[in-house]
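In case you want the letters, here they are:
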Amino acid sequence: MAMTLTTAIPAANAEKPIYLDQNIPIEKRVEDALSRMTLEEKVALCHAQGKFSSKGVERLGIPEIWMSDGPHGVRAEINWNDWGYSGWTNDSITAFPALTALAATWNPQLSALYGKSVGEEARYRKKDVLLGPGVNIYRTPLNGRNFEYMGEDPYLAGEMAVPYIQELQKNGVAACVKHFALNNQEKWRGTVDVELSDRALYEIYLPAFKKAVQDGGAWSIMGAYNQIWGQHCCHNERLLNDILRGEWGFDGAVITDWGGAHDTKEAALNGLDIEMGSFTNGLTSESEFGYDDYYLADPYLEMIKKGEVPESTVDEKARNVLRLIFRTAMNTNKPFGSKCTPEHYAAAKAIGDESVILLKNNGILPLDGSKYNSILVVGDNAVRRLTDGGGSSELKPKDYISPLSALQALYGDKVKFAPGYACGRTLYEAEDTIPQEEQDRLRAEAVAMAKDADIVIYVGGLNKNSWQDCESTDRREYELPFGQNELIKELIKVNPNIIIANISGNAYEMPWVNDVPAILHASYLGTMGGASIADVIAGNVNPSGKLPYSIPVKLRDCGANSFGEISYPGIESGDTDVVAIPGSVIEGGKNPKQKYMEDILVGYRWHDTKKIPALFPFGHGLSYTEFEYGKPVVSESVIGENGKIMIEVPVTNTGAKEGSEIVELYISDLKSSLPRPVKELKGFGKVRLAPGETKSVKFEITPEDLKFFDDKKHEWVVEPGKFKAHVAASSTDIRHTIPFEYK
Ligand code: BGC
């Protein structure tokens, strides 16, 4: 059929429309673009057009949006219409350390470097939105996705998220902070209905998101899969309308998690802007399950036309999406980016170096190679590419240095290797399907080799297989998988000279803790990971990471896991499985409901307040040198409404090696009308010191730091009375306590 053009042909010198003029304030441009759009064009902005992109306005030259996972590097290209990889040859990248490693550095400058570097890679790959960072709180060590988040403390997570976001966005790439909110477990993540107190919500689970939005200025946020108060997070009235937009003034776009939308009317009314990942089986024009069938596509258009939801809802969504497009895809001032540069590799290495945590050391570390003739490396993680698997954060790195190759580079052919255990051939193969004979054979081989070695370096831990550190499944047990505890015990019997250098995004049980001379705890460190671990072992890098989460002795010592199923993972009701996400394999469960019974006592707040010592406490991490904390200089002992207390702590490196120390500041409220944890982190600072050198770490305490959330008044309050500030090397290693008063 021949097409007739009914529109008048514009003059070549027609004036530039307002929305295209970068010099005009963004809100004016948004209104101008909106005024030119049809209803259909506005609706088209509100849903996916492919697995990772959503539409612009073709007629007006407003570009589409391209998104990518996130958060540890830019994911390889995914097919337009299914989850398969596209097989491009130009999409390999730098894999950066996992966010839990970033948190373990306690170094916001590295966070800025991370955001800058990953932002440059995203820009080079022509992405407009990077799906990260994740700031959900580490509530239980069973959560398969803790490695994508920044630990158990809201203050630490918030402080680390802000520079990442700010630097990332300087590349014209939006952060998409995820998963808002309470996606604190993967089991039943699509359906579980969470109930918790407003205190726990405001004091523990929201602050990092709030900082990401208000201080980081995040341009987008991703709704979580789960429900809160009986409503899905992606269109949760209280979460999105009242809190995010109302209380925090968010002006960016709310994007669903992939398949997180469930209802057109709720999505229309409750603050959702872009629906992604709902089940689709084909291109719009070819399939009955096309993108036009999304909740925020034709069904939404129809509801507007019938007057069932106001047209103003789509104007609001279109404004939010246009703002996102103007800030990213249509920002003509943005840089071009770069990828796999020496600078990015150096950034990944620096972050990895500072993230490795020395949990225990009797002096065997750093390892002086000249003392040993044979070094046996045992454990699958010494050779496994740990950027594979784990779910959506999976990466295709251009280069990958394994711990074994890095150790071989440092210690030469003294280094031998034995896997020691098998993990299953595919990422989704369950641990219990691996034949026992295979495990026995590998164990016997490693033990026999350990007998003849001078020293053993054990590089095991968890990996990115399902039911470990992996999206969409939680861990099944707190202990190390694949019979590693038995293996370690047998290795110790034949060779007590064994250094544990495990890789894991989570805490795990350590029944052998007293029988080994040294333990290193590393997360997934990406491209340069093996080099960071080997350099710490060799002492080329002095370890300076500290735990961003507690390591409980046993699972029941963790608050969330101490109340039985109602608290974790929730209790099912009804007879039939709910379909979590149509077309996906995610477990729905039978209407699972859950109550956060530990309330505000998450992580060290629980261990402290209930007097249940952790095996290794939050904030713990050793060095190859020693630090002495001098007497703090304190500016005031009384603080009023607008006052502040300045604290300066001189820290001296009293050892023989250059090193960095993280100084932590906790505050205790001695008496309050509502129960409070024994203490809470309110500051930290990291200093690098040459041997003999002293530097001061400065803290500022304001009334904001003394507040708790009064759920009856629905406000943050500070009550007059006595407080204490603790200057500490970990949540249990308090070096100085400073009493003060709020009047
Ligand atoms: C994950 C998100 C991810 C998205 C796109 C979802 O399954 O929960 O974190 O960004 O997929 O890959």
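Throughout this document, residue positions are counted from 1 along each chain, in the order its sequence is written. Where local features are concerned, this predicted model is filtered to residues with pLDDT of at least 70; where side-chain atom pairs are given and counted, the filter is 80 or more; whole-chain, interface and lining totals use all residues. Each side-chain value is derived from all of the structure's non-hydrogen atoms; neither hydrogens nor water enter the calculation.

Engineer: Looking at this model, I keep getting lost on the overall build of the protein. Mind explaining?
Structural biologist: Here a helix means four or more residues in a row that DSSP labels H or I, a strand means two or more in a row labelled E, and each is numbered from the N terminus. Looking only at helices and strands, the protein features 17 helices and 27 strands. Both definitions apply: the radius of gyration is a C-alpha atom measure, and the globule rule equals 2.2 Å times residues to the power 0.38. Rg of the C-alpha trace for the protein: 26 Å, near the compact-globule value of 27 Å for 743 residues, within the 12% margin. When the backbone C-alpha atoms are referred to their principal axes, the protein occupies close to 85 × 65 × 60 Å. The proportion of buried residues among the 743 residues of the protein is 62%. Restricting the contact set of the protein to residue pairs at least 6 apart, pairs at least 24 apart contribute 75%. Shrake-Rupley sampling with a 1.4 Å probe provides the accessible areas, and residues are treated as covered by the protein chains on show and by no other component. Total accessible area computed for the protein in this model is approximately 27700 Å², and 51% of it derives from carbon and sulfur atoms. In the protein, which carries 79 positive and 103 negative side-chain charges, the distance between the mean positions of the two groups comes to 3 Å. Only protein chains enter the accessibility calculation, which uses a 1.4 Å probe; a residue whose area is less than 20% of its type maximum is buried, one above 50% is exposed, and one in between is partly exposed. Residue contacts follow a heavy-atom distance rule, with two residues in contact if any of their heavy atoms lie within 4.5 Å. Neither His nor the chain ends contribute to the count of charged residues, in which Lys and Arg are positive and Asp and Glu negative. Note that the charge is assigned to NZ on lysines, CZ on arginines, CG on aspartates and CD on glutamates.

Engineer: Whenever I open this one, the packing of aromatic side chains confuses me. Can you help?
Structural biologist: Two numbers describe a pair of aromatic rings. These are the distance of the centres and the angle of the planes. Ring pairs shown here join Phe, Tyr and Trp side chains whose ring centres sit within 6.5 Å, with only the six-membered ring taken for Trp; geometry is labelled stacked below 30 degrees between planes, edge-to-face above 60, and tilted in between. Applying the stated rule across the entire model yields 21 aromatic pairs. Seen in terms of ring centroids, W106 and F618 are 5.4 Å apart; in terms of plane orientation they differ by 50 degrees. Their pairing is tilted. One end of the pair, W106, is in the loop between α3 (99-105) and α4 (108-124); the other, F618, is in the loop between α17 (604-609) and β17 (627-629), and 512 residues separate them in sequence. Of the two residues, W106 and F618, neither departs from the other in class, the shared state being buried. Taking the centre distance of 4.4 Å and the plane angle of 15 degrees together, the rings of Y138 and Y549 count as stacked. On the criterion of sequence distance, the pair formed by Y138 in the loop between β3 (129-131) and α5 (154-169) and Y549 in the loop between α16 (529-538) and β16 (593-595) is long-range, its members being 411 residues apart. Summarising the burial analysis for this pair, Y138 and Y549 share the class buried. A ring is considered to have a charge above it if a Lys NZ or an Arg CZ atom is located within 6 Å of its centre and within 35 degrees of its normal. Between the NZ or CZ atom of R29 and the centre of the ring of F326, over which it lies, the distance is 4.3 Å. Its guanidinium or amino end placed over the ring of Y629, R735 lies 4.6 Å from that ring's centre, counting from NZ or CZ.

Engineer: Can you help me understand unusual backbone geometry in this one?
Structural biologist: Working note: non-glycine residues mostly have negative phi, and peptide bonds are mostly trans. Residue F180 is joined to A181 through a cis peptide bond whose omega torsion reads 5 degrees. Along the chain, A181 falls in the loop between β4 (174-180) and β5 (193-195). Cis geometry is adopted by the peptide bond preceding P569, which originates at Y568 and carries an omega value of 0 degrees. Relative to the elements of secondary structure, P569 occurs in the loop between α16 and β16. The residue N591 is not glycine, and still its phi comes out positive at about 45 degrees. On the secondary structure map, N591 appears in the loop between α16 and β16.

Engineer: Any chance you could explain the packing of helix α12 (residues 342-355) against α16 here in plain terms?
Structural biologist: A packed helix pair is summarised by two numbers, namely the angle formed by the two axes and the spacing between the axes. Every axis in this analysis is a line fitted to C-alpha atoms, fitted for helices over the stretch in contact. Angles between the N-to-C directions lie between 0 and 180 degrees. For the pair α12 and α16, interaxial distance at closest approach is 8 Å and the crossing angle is 45 degrees. Considering their axes alone, α12 and α16 lie oblique with respect to each other. Judged by the sense of rotation from one axis to the other, the crossing of α12 with α16 is right-handed. Here α12 contributes K349, G352 and D353 to the contact with α16, which in turn contributes A531, S532, D535 and V536. By the definition adopted for this analysis, an angle is roughly parallel if under 35 degrees, roughly antiparallel if over 145, roughly perpendicular if from 65 to 115, and oblique otherwise. Each crossing gets its hand from how the near helix is turned against the far one by less than a right angle, where anticlockwise is left-handed and clockwise is right-handed.

Engineer: How should the side chain of R125 be read in this particular structure?
Structural biologist: With respect to the secondary-structure elements, R125 resides in the loop between α4 and β3. Whenever two N or O atoms come within 3.5 Å, that pair is a polar contact, provided that in protein one can donate a hydrogen and the other can accept it, and provided that, for residues adjacent in sequence, both atoms are side-chain atoms. Within the local environment of R125, its side chain forms a polar contact with the backbone oxygen of V74, the two atoms lying 3.3 Å apart. Apart from the residues within four sequence positions on either side, R125 is in contact with V74, R75, A76, E77, N90, D91, I93 and K339.

Engineer: Mind showing me how you'd approach helix α7 (residues 207-214) here?
Structural biologist: Within an α-helix, residues lying three or four positions from one another point in the same direction, as the helix has 3.6 residues per turn. All buried positions along α7 are accounted for by A208, F209, K211, A212 and V213. Turning to α7, the residues buried within the fold contact α5, β4, α6 (198-205), β6 (220-223) and α8 (237-247).

Engineer: Even after reading the chapter, I still don't get the packing of helix α14 (residues 436-452) against helix α15 (residues 484-494), so can you show me in this structure?
Structural biologist: Where α14 contacts α15, the axes come no closer than 9 Å and their chain directions differ by 25 degrees. What the angle tells us is that α14 and α15 run roughly parallel. For the crossing formed where α14 meets α15, the hand is right-handed. Contacts between α14 and α15 involve R443, A446, V447, A450 and K451 from the first element and E486, L487, E490, L491 and V494 from the second. Note on residue categories: nonpolar means Ala, Val, Leu, Ile, Met, Phe, Trp, Tyr, Cys or Pro, charged means Asp, Glu, Lys or Arg, and polar means any other residue, Gly included. By residue class, the composition of the contact of α14 with α15 is six nonpolar, no polar and four charged.

Engineer: How should the domain arrangement of the protein be read in this particular structure?
Structural biologist: A common way to express how large an interface is: the accessible area buried when the components associate. Segmentation of the chain into domains, including their bounds, is taken from an automatic or database domain assignment. Each domain of the protein was delimited in the assignment, giving domain 1 (35-327), domain 2 (356-538) and domain 3 (623-742). A straight line from the C-alpha centre of domain 1 to that of domain 3 covers 35 Å. Residue-level contacts link 16 residues of domain 1 with 16 residues of domain 3. Here domain 1 packs against domain 3, burying approximately 1400 Å² in sum over the two surfaces, 63% of which is carbon and sulfur. Together, W106, Y155 and R199 form the three largest contributors to the area buried by domain 1 at its contact with domain 3, with a combined 50%. Criterion for a salt bridge: a side-chain nitrogen of Lys or Arg within 4 Å of a carboxyl oxygen of Asp or Glu. Joining domain 1 to domain 3, the criterion identifies zero salt bridges. Summed over the shared surface of domain 1 and domain 3, the number is seven residue pairs in polar contact (both at pLDDT 80 or more). Those elements that place two or more of their residues in the side of domain 1 that touches domain 3 are α3, α5, α6 and α8. Each residue belonging to the side of domain 1 that touches domain 3 can be placed in one class, and the counts come to seven nonpolar, two polar and seven charged. As used here, buried area is the combined drop in accessible area, with a 1.4 Å probe, of two parts when they are placed together.

Engineer: Just to check I follow, could you spell out a negative patch on the surface for this structure?
Structural biologist: Nonpolar side chains (Val, Leu, Ile, Met, Phe, Trp, Tyr) within 5 Å and like charges within 9 Å form the patches, drawn only from residues with over 30% relative accessible area and no salt bridge. On the surface, a cluster of negative charge is made up of D292, D293, D298, E302 and E308. Tracing the chain through its elements places D293 in the loop between α9 (264-269) and α10 (298-305).

Engineer: Before we go on, may I ask you to explain the sheet that holds β5 in this structure?
Structural biologist: Strand pairs in the sheet, formed through backbone hydrogen bonds, run parallel or antiparallel to each other. Taking strand neighbours across the sheet as the criterion, the four strands line up as β8-β7-β5-β16 in an open arrangement whose pairing is mixed. The sheet terminates laterally at β8 (231-232) and β16, the two strands that pair on one side only. Here, strands pair whenever DSSP counts at least two bridges between them. Two elements, strand β7 (residues 227-228) and β8, share two bridges in a ladder whose sense is antiparallel. Counterpart to I228 in the pairing with β8 is Q231.

Engineer: Please explain the side chain of D32 as it appears in this structure.
Structural biologist: Residue position: D32 is located in helix α1 (residues 26-35). Of the polar contacts made by the side chain of D32, one reaches the backbone nitrogen of Y19; its length is 2.8 Å. Among the polar contacts made by the side chain of D32, one reaches the side chain of R36 at a distance of 3.1 Å. Excluding residues that lie within four positions of it along the chain, D32 makes contacts with P17, I18 and Y19.

Engineer: Just checking my understanding: could you explain the environment of S402 for this structure?
Structural biologist: Mapped onto the elements of the fold, S402 is located in the loop between β11 (375-378) and α13 (403-411). Separated by 123 residues in the primary sequence, S402 and L525 have C-alpha atoms spaced 9.9 Å apart.

Engineer: Whenever I open this one, α8 confuses me. Can you help?
Structural biologist: Along α8, the positions that sit buried rather than exposed are L239, L240, I243 and L244. Viewed along the axis of α8, the buried residues span an arc of 125 degrees, placing them on a single side of the element. In this structure, the buried side of α8 is in contact with β4, α6, α7, β6, β7 and β9 (253-255). Between a side-chain oxygen at the N-terminus of α8 and the backbone nitrogen of R238 the separation is 3.2 Å; the capping residue is N236. Positive backbone phi, approximately 70 degrees, marks G249, located one or two places after α8. Regarding the arc, it is the one traced by the directions from the helix axis to the C-beta atoms.

Engineer: Got a minute to help me understand the site of the ligand in this structure?
Structural biologist: In the vicinity of the ligand there are 15 residues, among which D69, R145, H179, D257 and E471 approach most closely. Between the ligand and R75, the relevant distance is 3.4 Å, taken from an oxygen atom to a side-chain nitrogen or oxygen of the residue. Between an oxygen atom of the ligand and a side-chain N or O atom of R189, the distance comes to 3.3 Å. For the ligand, whose accessible area on its own is 310 Å², the fraction buried by protein is 97%. Whether a residue is near a molecule or strand is decided by its heavy atoms; if any one of them lies within 4 Å of it, the residue is near.

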